[in-house]
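Reading the structure
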Amino acid sequence: MRYPPAAMTGLTACPFCREMFEAKEAHTCPACGLRLEALSKLPPSYDALLEEPDEPLPPHMEPLPWTYAGRGRGPLLALAVLGLAAFFAPWVHETAPELRDLSGFGLARRLGWTWAPAVAFFVMIPLVLTRRSIHTMRGARVAVAFLAAVALTTVAMRLLFTPASSLLRPVRFTWGYGLYATGAIALLALIAAAFFGGKVDDLPTGQQRRGDEVLH
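To start, this report covers the structure provided alongside it. (Residues numbered from 1 in each chain as written. Predicted model: local features only at pLDDT ≥ 70, side-chain atom pairs only at ≥ 80, totals over all residues. Heavy atoms only, no water.)

Bringing the packing of aromatic side chains into the picture now. Using the criterion set out here, one finds five aromatic pairs in the structure. A centroid spacing of 5.6 Å and a plane angle of 90° characterise the contact between phenylalanine 87 and phenylalanine 88, whose relative ring orientation is edge-to-face. Taking the relative accessible area as the measure of exposure, phenylalanine 88 reaches 55% and is therefore exposed. Note on phenylalanine 88 and phenylalanine 105: the rings are 5.6 Å apart at their centroids and 25° apart in plane angle, and the pair reads as stacked. Of this pair, phenylalanine 88 sits in the loop between α3 (73-87) and β4 (90-96) while phenylalanine 105 sits in helix α4 (residues 104-108), and the two are 17 residues apart along the sequence. Here phenylalanine 105 falls in the partly exposed class, since its relative accessible area comes to 30%. Three or more aromatic residues link up through ring pairs in this structure, and these residues are Phe87, Phe88, Trp91, Phe105 and Trp115. (Phe/Tyr/Trp six-rings, centres within 6.5 Å; stacked < 30°, edge-to-face > 60°. Buried < 20%, exposed > 50% of the residue type's maximum accessible area, 1.4 Å probe, protein only. Helix = DSSP H or I, 4+ residues; strand = E, 2+ residues; numbered from the N terminus.)

As a packed pair, α3 and helix α5 (residues 116-129) sit with axes 9 Å apart at the nearest point and diverge in direction by 155°. As the angle between them shows, α3 and α5 are arranged roughly antiparallel. In the crossing of α3 with α5, the sense of the turn from one axis to the other is left-handed. Between α3, through Arg73, Leu76, Leu77, Leu79, Ala80, Val81, Gly83, Leu84 and Phe87, and α5, the contact on the second element is made entirely by Ala118, Phe121, Phe122, Met124, Ile125, Val128 and Leu129. Looking at the contact of α3 with α5, its residues break down into 14 nonpolar, one polar and one charged. (Axes fitted to C-alpha atoms, helices over the stretch in contact; angles between N-to-C directions. Parallel < 35°, antiparallel > 145°, perpendicular 65-115°, else oblique. Left-handed = near helix turned anticlockwise from the far one by under 90°. Contact = heavy atoms within 4.5 Å. Nonpolar A, V, L, I, M, F, W, Y, C, P; charged D, E, K, R; others polar.)

Mapped onto the fold, threonine 182 is located in helix α8 (residues 177-194). Side-chain polar atoms of threonine 182 contact the backbone oxygen of glycine 178, separated by 2.7 Å. Contacts of threonine 182, omitting those with residues within four sequence positions, involve Ala86, Phe87, Trp91, Pro117, Phe121 and Val155. (Polar contact = N/O pair within 3.5 Å; in protein donor to acceptor, adjacent residues only side chain to side chain.)

On to the pairing of β4. Note: β4 against strand β5 (residues 100-103), four bridges, orientation antiparallel. From the neighbouring strand, proline 90 faces β5, where its bridge partner is serine 103. Between β4 and β5, which pair antiparallel one after the other, the connecting turn spans three residues. As paired elements, β4 and strand β6 (residues 172-175) share four bridges and run antiparallel to each other. Looking at β6, one finds that histidine 93 is bridged to threonine 174. (Pairing = 2+ DSSP bridges.)

What follows is the structure in structure tokens.
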């Protein structure tokens, strides 16, 4: 049987046969010859597990395979990777005062705040990848949505606040596809984050389930 924590205080037991002794009564088991351990540190015995089996892990907390791509996990990972790729695509085609193309990376080296999309998508990858249960996926919705919103806000600010032009220093440019792609990817990630983990009435877990189990 299982003993309450108070009953285990000061008791030692044999790790094999589970015969119990007072703390100062013996140091080794007379029958097995094994060193006695504190009862509170030993796992439940086989008989105890048969009498009182552990409660099964709730289905929405069961870990899913690392390769599981359902419930928005796969799409979010793909969007995060695409967002990083778009950061190195052309963001600006400048014709004055210089003739050059700048990627998101090149622009970020001149404007520090434009690193935000790259950082957001980079952090999103491990954040989504390590969520392997429905419970943790749903719990990460706000964090994933925040990262997507950071990337989207950065693109919006870049489009709204353009470099100033003057007679002495004319500025002429067009936005590249990389900037628009980053904004579109961030918007899709923001939408996908709202559904990350899906509902709890259809549970793709390790055990065969009806899908209508009550979750506590």
